[in-house]
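# Report on the structure
Take a look at the letters that make up each chain.
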Amino acid sequence: MELLLLINSCKLASAESITVVTPYFPYSKGDQKSSLRSPITAKLVANMLKRAGANHLMMLDPHSPQLEGFFDHPVDCLKVEPLFCRWIKQNIPNWRDCIVVSPDEGGAKRSVMIANSLGLEFAMIHNRHKKSLKKKSIVSLMTRDIDDLSDEIVQVHQPPEELQLTHKMVDKFLKISGDVSGLNCIVVDDMIDSGSTIRLALEVLNSHGAGHVYVFATHGIFSGPCAQILLESPN
């Protein structure tokens, strides 16, 4: 709302052009309907910015490339990969011995770009069965004695239901393409919101014998127990 007020104030002050620089585009995950009667929130925000008077938009690494199509005026989507590559070379010792890992299929393109820029190998975690994992974990916990699982359940502070998984379930339902054993890993994602995707990725890497894990994300939302979930990760 404050952004809309600022834009409208500039418009009423006879500004020739108004450029909006928003590193994180609000509601960028709402680029499509999640159910039959749900709104397309990102499109609504785009209409509000246009109506307020903006005629140029700059944003950093949008969650979905189709966000540009929601606007009729010029949109510049800046990439964060060069910044990540520069930081990796300057701050990670022996970075040439690392491997770049995508936490899911959606981030594969971004991770491949960084791997190619650094000349490193690439691995990807297959996390296509997130919904089935949630259902199976709930049924498993309801049908078995909780005391028997106390040493086996992945311990996190107030985790989402989809993270109530045993290590055996992680090995069974989450697969990885690429060899990470004994290697330090660079995990790259565009956004960390609830932390569920990164937490599952850390569990998979740990179960496959990976070394230290460096997590890079453009937008750190850290909603709910996300920060605690990441801090409790062993690697």
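Above this text sits the structure in question.
Described in the following lines is the structure provided in the data block.

The next thing to look at is helix α4 (residues 108-118). The complete set of buried residues in α4 reads Ala108, Arg110, Ser111, Ile114, Ala115 and Leu118. Buried residues along α4 cover an arc of 165° about the axis, so they all sit on one side. Away from its buried face, by an angle of more than 90 degrees, α4 presents the exposed residues Lys109 and Asn116. Just beyond α4, the residue with positive phi is Gly119, at close to 75°.

Tallied over the entire structure, the rule returns 3 aromatic pairs. Ring plane angle 80° and centroid distance 5.8 Å describe the contact between Phe25 and Phe71, whose orientation is recorded as edge-to-face. With a gap of 46 residues between them, Phe25 in the loop between β1 (19-22) and α2 (41-52) and Phe71 in the loop between β2 (56-60) and β3 (75-78) connect regions that are remote in the sequence. A relative accessible area of 8% means that Phe71 is categorised as buried. A ring pair is formed by Trp87 and Phe216, whose centres lie 5.5 Å apart and whose planes are at 75°; its orientation type is edge-to-face. Here the residue Trp87 occupies a position in helix α3 (residues 81-91), and Phe216 occupies one in strand β8 (residues 213-220), the gap between them amounting to 129 residues. Classification of Trp87 by relative accessible area gives partly exposed; the value is 42%. The buried category is assigned to Phe216, whose relative accessible area is 9%. Among the aromatic residues, ring-to-ring pairing joins Phe84, Trp87 and Phe216 into one connected group.

Let us look at the sheet that holds β2. Here we have 3 strands laid out as an open sheet, ordered β1-β2-β3, and parallel in their pairing. Here the strands that pair on one side only, and so sit at the sheet edges, are β1 and β3. Neighbour-to-neighbour, the strand axes of this sheet turn through a mean angle of 15°, independent of strand direction. Looking at chain direction, β1 and β2 are connected through 4 bridges and run parallel. Of the residues in β2, the one forming a bridge with Thr22 is Met59.

Calculation rules
Residues numbered from 1 in each chain as written. Predicted model: local features only at pLDDT ≥ 70, side-chain atom pairs only at ≥ 80, totals over all residues. Heavy atoms only, no water. Buried < 20%, exposed > 50% of the residue type's maximum accessible area, 1.4 Å probe, protein only. Helix = DSSP H or I, 4+ residues; strand = E, 2+ residues; numbered from the N terminus. Arc of directions from axis to C-beta. Phe/Tyr/Trp six-rings, centres within 6.5 Å; stacked < 30°, edge-to-face > 60°. Pairing = 2+ DSSP bridges. Axes fitted to C-alpha atoms, helices over the stretch in contact; angles between N-to-C directions.

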